[in-house]
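# Overview (structure and organization)
The residues making up each chain are set out below.
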Amino acid sequence: MKQLITGAEALMRSLEAEGVDVLFGYPGGAIMPTYDALYDHRERLHHILVRHEQGAVHAAQGYARVSGRVGVAIATSGPGAMNTVTGIADAMIDSTPLVVICGQVDAAVMGTDAFQEVDVIGVAQPITKWAYQIRRPQDVAWAVSRAFYIARSGRPGPVVLDFAKNAQTGLVDYEPAHVDFIRSYRPVPVPSDDVIRQAADMINHSQRPLVLVGQGVELGEAQAELQQFLELADLPAACTLLGLSALPSAHRLNMGMLGMHGNLAPNVMTNQCDLLIAVGMRFDDRVTGNVQTYARQAKIIHFDIDPSEINKNISVDLAVVGNCKQTLARVTALLHEARHDEWISAFRPLWDKENERVIRPATQPAEGPLLMGEVVSRVSEATNHQAVLVTDVGQNQMFGCRYFRYSQPRSVVTSGGCGTMGFGLPAAIGATFGAPERTVCLFVGDGGLQMTLQEFGTIMEQHSPVKIILLNNNFLGNVRQWQQMFFHRRYSFTPMLNPDYERIASAYGIPSQTVTERSQLDEAIRRMLATPGPYLLQCGVKEEDNVMPMIPLGASVDEMMLEFKD
């Protein structure tokens, strides 16, 4: 005898079949049948009620980034679905696996401008790996399995399921589905043996190699393979913003961070190496600077899982297209043991120069107001460099990523390609569910915090143990820095009039403290980390503190400014 269930119930069973245990969402009219079905599954599917749909997607991103699993978010139709769009676009450019389920009006009234009807598929297609409208309950199991397969396979990314109300309430004889193949979709290309041999030969004959480590190493779970690759051939490496924790900060071959606000040595040496080996990175403009002068002297090998990234921004001499967990291991098997002592030692004077003129003054000031760099450095030290770093976007992001240290994989959660202010707070909440055994430290500015401040309500309800470090400089700091440097200090609408954050935190039951003196900092950090659950540590920092070094727009990577003088 057939057992008929609703499409909404079929969704719940399909999510459980995919191993989902946490989802983030906000109910509404068109998704109400799904929430009714969720009521009977709430012991197995832990639903986190956020305070805004954008927060649901960012939280799902944070969950996915630290756990390596697919994040799930749910919203209703119309404005609910549209509020997820920023997070979906962010996940697409940063390769974060998500399944976002949006309610939709009944199929019978689609196209009539029914209440809260929006063409979600039309909006979502350019910013997703796949967007599909479920119009029949019979399609639920297949669509969900296909969505998870696409989201997590190959280069990960977001998928949107637009769930018509009639498909939620209609009946179906449910059978689980398992999709692991899609015709014409080749998520993991396999390079030929000849390409692997060419890559090994180029590396074996290089005198001045440099490896650029991107997030693809983390997404491919290739951290061990990367270290074996680097250590056998003695290859110095530098990391992109999203790839920072793919290689421990203390590793002897880690030369620092690439890009506009990265470290001097790897940026300069990019234009002095004879072989550039890019692994799981996409040659973003913030990494390359002026592409006309970028690594012109070097041969370039590009390891990437996505063929569309090859020769997109930078022309390369050899493409190794595949999952870097496999491709790195195959190349390593053909490498000769080597030493590049003289080449690696050439990085040291540049590091010493940056340390003397930038790093030490930013992290160990003798006097004056608190600096963002020293706050970040002290928090990292207090966690023994084992915490998860989550940042918002702006100066807090750049100082956070520059001066936090990483000893474990999947320790950086930040909005890279999209640069989404407001990302940090909900992403940190999601990270506490994705890695509940780890300390999650959020660095956020006063501007970004106010964009998603309502998620304090989610923290209150879930007692999510986010350690919030508010770097409060009473400015939209990154824009202010550019106005100072390139717009003659014309601070057009960047000064911030801030509320009393401690009183706001208190209203949500979040313990807090404000520090403005250097002598208070270490004890305040100790108290924050020792307090169970969430905590807000507000640090009153120097208002006109600048993130340096910096590659000005249009400049070459070896033209970094170490300091700025008016």
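Procedures and definitions
- Residues numbered from 1 in each chain as written.
- Predicted model: local features only at pLDDT ≥ 70, side-chain atom pairs only at ≥ 80, totals over all residues.
- Heavy atoms only, no water.
- Pairing = 2+ DSSP bridges.
- Helix = DSSP H or I, 4+ residues; strand = E, 2+ residues; numbered from the N terminus.
- Axes fitted to C-alpha atoms, helices over the stretch in contact; angles between N-to-C directions.
- Buried < 20%, exposed > 50% of the residue type's maximum accessible area, 1.4 Å probe, protein only.
- Phe/Tyr/Trp six-rings, centres within 6.5 Å; stacked < 30°, edge-to-face > 60°.
- Domains from an automatic or database assignment.
- Contact = heavy atoms within 4.5 Å.
- Buried area = accessible area lost by both parts, 1.4 Å probe.
- Salt bridge = Lys/Arg side-chain N within 4 Å of Asp/Glu carboxyl O.
- Polar contact = N/O pair within 3.5 Å; in protein donor to acceptor, adjacent residues only side chain to side chain.
- Nonpolar A, V, L, I, M, F, W, Y, C, P; charged D, E, K, R; others polar.

A few words now on the sheet that holds strand β7 (residues 158-164). With respect to topology, six strands assemble into an open sheet ordered β3-β2-β4-β5-β7-β6, the strand pairing being parallel. Single-partner strands in this sheet number two, and they are β3 (46-49) and β6 (130-134). Adjacent strand axes in the sheet meet at a mean angle of 20° when their direction is disregarded. Where strand β2 (residues 22-25) meets strand β4 (residues 71-75), two bridges bridge the pair, whose relative direction is parallel. Bridge pairing links Gly25 to Ile74 in β4.

On to unusual backbone geometry, then. A cis amide bond, omega 0°, links Met548 with the succeeding residue Pro549. Mapped onto the fold, Pro549 is located in the segment after β20 (535-540). Here the phi dihedral of Asn311 falls at roughly 65°; this positive angle occurs in a residue that is not glycine. Along the chain, Asn311 falls in the loop between β13 (299-304) and β14 (318-321). Judged by its relative accessible area of 42%, Asn311 is partly exposed. Although it is not a glycine, Arg410 adopts a positive phi angle of roughly 50°. Here Arg410 shows up in the loop between α18 (395-403) and β16 (412-413). The exposure class assigned to Arg410 is buried, which follows from its relative accessible area of 12%.

The next thing to look at is the packing of aromatic side chains. On inspection of all chains with the given rule, the structure shows 15 aromatic pairs. Taking the centre distance of 5.3 Å and the plane angle of 80° together, the rings of Tyr132 and Trp142 count as edge-to-face. In this pair, Tyr132 is assigned in strand β6 and Trp142 in helix α7 (residues 140-152), connecting sequence segments 10 residues apart. With relative accessibility at 34%, the residue Trp142 sits in the partly exposed group.

As a further point, take the domain arrangement of the protein chain. Domain annotation of the protein chain identifies domain 1 (4-173), domain 2 (193-345) and domain 3 (370-540). The gap between the C-alpha centroids of domain 1 and domain 3 is 29 Å. At the interface, 26 residues of domain 1 touch 26 residues of domain 3. Between domain 1 and domain 3 lies a buried interface of about 2000 Å² when both sides are counted; carbon and sulfur atoms form 61% of it. Contact with domain 3 buries area across many residues of domain 1, yet Arg51, Arg65 and Val66 alone supply 33% of it, more than any other trio. Counting across the domain 1 and domain 3 interface gives one salt bridge. Arg51 is the salt-bridge partner of Glu461, the closest N and O atoms lying 2.8 Å from each other. At the boundary of domain 1 and domain 3, one finds 11 residue pairs in polar contact (both at pLDDT 80 or more). At 11 residues, helix α3 (residues 53-67) tops the list of elements feeding residues into the side of domain 1 that touches domain 3. Here the side of domain 1 that touches domain 3 is built from residues that sort into 11 nonpolar, 11 polar and four charged.

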